[in-house]
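Here's the letter readout for the chains.
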Amino acid sequence: DLEARSALDRGDLAGARRAAEDAARIAESSLGPKQMKTALAYRKLAELERLTGDAKSSSKTMERANAIWQKELGVRPSYIADIKMQIGKDREAAEDLPGAEAAYQETLQIRKDYFGPDHTAVAEALQQLSRIKQKTNQLDLARALELESAQILLRALGGAHPRVLTAYESLASHAAERGSLSVARSDLKAVLAAASEVKLPDLKALAHTWTIQADYASQDHDAVAAEESYSRALSFLDRFGEDAKLDRLPVLYKLREFYQSIGREDAAARTDEQARAIERSSAASVK
């Protein structure tokens, strides 16, 4: 272990991995397969295999460590679920999608049994499964899993939580990629309605979601909704004060382009001047 750490400090990943391999071999031969130290030695080796880009070996080594924890030591299910999740990520990185899906499915079931079906840890496992379904072109199943995950997060954390907003933005993005702008807008409408009930939201995160909603409305040729959504985004950033001054710029650029696209040149010019005023102010403050 000490040799592995020393090699890591020197930036010698290959040497660290060789030392970790020796440590795992010595631990199993001297301590036996039912020792916590043996499982930890295998986990350290897996981490180094991952660092060297060998996800396939890492997943197999993590499975060895997991077998000790699960079958020999009987550690708590939540820990086993975390190990299964990492195995799934390693398999996914190694392009073993069926293996990754199986690991994520095990993670999901363990977490549902241990935490209950509405826990955020369950939502995380659903997101991982959804991504595998996306990669294997099972798009309807992917959306169903992603929607279930987003709804769990919404119930658990509330509409204005950044993690919830990100989940719904991803859900909407996948709908838009399939050409369903109306579905994408509906997804965001649901979370934005819930966010409106929150007294102290994350203003920047909420402004970002409103901007995306405005983009979809613009693409969907709904000029009224697009203008309103861009304005809502800017209003949230205004409430944030001077610290959000630079965050206003990309929204103003989008709004200017939107006005130009619908022939409202006067509004586009006013918006452009607002953006330029921020740029001038920022340049002056740097000087």
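Predicted, not measured: the structure shown is a model, and the values here were computed from it.

Caption draft 1: Looking closely at the overall build of the protein chain. Within the protein chain one finds 14 helices and 0 strands. Here the C-alpha radius of gyration of the protein chain, 25 Å, is well above what a compact globule of 287 residues would show, namely 19 Å. With the C-alpha coordinates aligned to their principal axes, the bounding extent of the protein chain is approximately 80 × 50 × 35 Å. In the protein chain, which comprises 287 residues, the share counted as buried stands at 43%. Total accessible area on the protein chain stands at roughly 14900 Å², and carbon and sulfur atoms take up 51% of it.

Caption draft 2: Fine view of the nonpolar core. By size, the foremost hydrophobic cluster in this structure holds 56 residues, and its most contacted members are Tyr168, Leu188, Leu206 and Tyr216. Apart from residues lying up to four places away in sequence, Tyr216 is in contact with Ala172, Ser173, Ala176, Leu181, Ala184, Arg185 and Leu188. Ranked by size, the runner-up nonpolar core spans 23 residues in total, among them Tyr42, Ala65, Ile87 and Ala103.

Caption draft 3: A look at unusual backbone geometry. One non-glycine residue, Glu95, adopts positive backbone phi at about 65°. Positionally, Glu95 belongs in the loop between α5 (77-93) and α6 (97-115). Its relative accessible area of 62% is what places Glu95 among the exposed residues. Here the phi dihedral of Asn137 falls at roughly 65°; this positive angle occurs in a residue that is not glycine. Tracing the backbone shows Asn137 in the loop between α7 (120-135) and α8 (139-157).

Caption draft 4: Examining helix α9 (residues 162-177) more closely. Spanning 16 residues, α9 covers 22 Å between terminal C-alpha atoms, matching the ideal 22 Å at 1.5 Å per step. Every buried residue belonging to α9 is among Val164, Leu165, Ala167, Tyr168, Glu169, Leu171, Ala172 and Ala175, and all of these are buried. Of the residues trailing α9, Gly179 is marked for its positive phi of about 85°.

Caption draft 5: Region of interest: the packing of α8 against α9. At a minimum axis distance of 9 Å, the contact between α8 and α9 shows a crossing angle of 160°. What the angle tells us is that α8 and α9 run roughly antiparallel. When you trace α8 past α9, the crossing you get is left-handed. Facing Arg143, Glu146, Leu147, Ala150, Gln151, Leu153, Leu154 and Leu157 of α8, the residues of α9 in contact are Arg163, Val164, Ala167, Tyr168, Ser170, Leu171, His174 and Ala175. Tallied by class, the residues present in the contact of α8 with α9 amount to 10 nonpolar, 3 polar and 3 charged.

Caption draft 6: Here's a closer look at a nonpolar patch on the surface. On the surface, Leu8, Leu13 and Leu51 cluster together to form a nonpolar patch covering roughly 240 Å² of accessible area. Examined against the element boundaries, Leu8 turns out to sit in helix α1 (residues 2-10). For Leu8, a relative accessible area of 37% corresponds to the partly exposed category.

Each value, and the rule that gives it
Residues numbered from 1 in each chain as written. Predicted model: local features only at pLDDT ≥ 70, side-chain atom pairs only at ≥ 80, totals over all residues. Heavy atoms only, no water. Helix = DSSP H or I, 4+ residues; strand = E, 2+ residues; numbered from the N terminus. Rg over C-alpha atoms; globule rule 2.2 N^0.38 Å. Buried < 20%, exposed > 50% of the residue type's maximum accessible area, 1.4 Å probe, protein only. Areas by Shrake-Rupley, 256 points an atom, 1.4 Å probe, with all protein chains shown as cover. Core = buried A, V, L, I, M, F, W, Y, C linked by side-chain atoms within 4.5 Å. Contact = heavy atoms within 4.5 Å. Expected span 1.5 Å × (residues − 1). Axes fitted to C-alpha atoms, helices over the stretch in contact; angles between N-to-C directions. Parallel < 35°, antiparallel > 145°, perpendicular 65-115°, else oblique. Left-handed = near helix turned anticlockwise from the far one by under 90°. Nonpolar A, V, L, I, M, F, W, Y, C, P; charged D, E, K, R; others polar. Patch = residues over 30% accessible without salt bridge, like charges linked within 9 Å, V, L, I, M, F, W, Y side chains within 5 Å. Salt bridge = Lys/Arg side-chain N within 4 Å of Asp/Glu carboxyl O.

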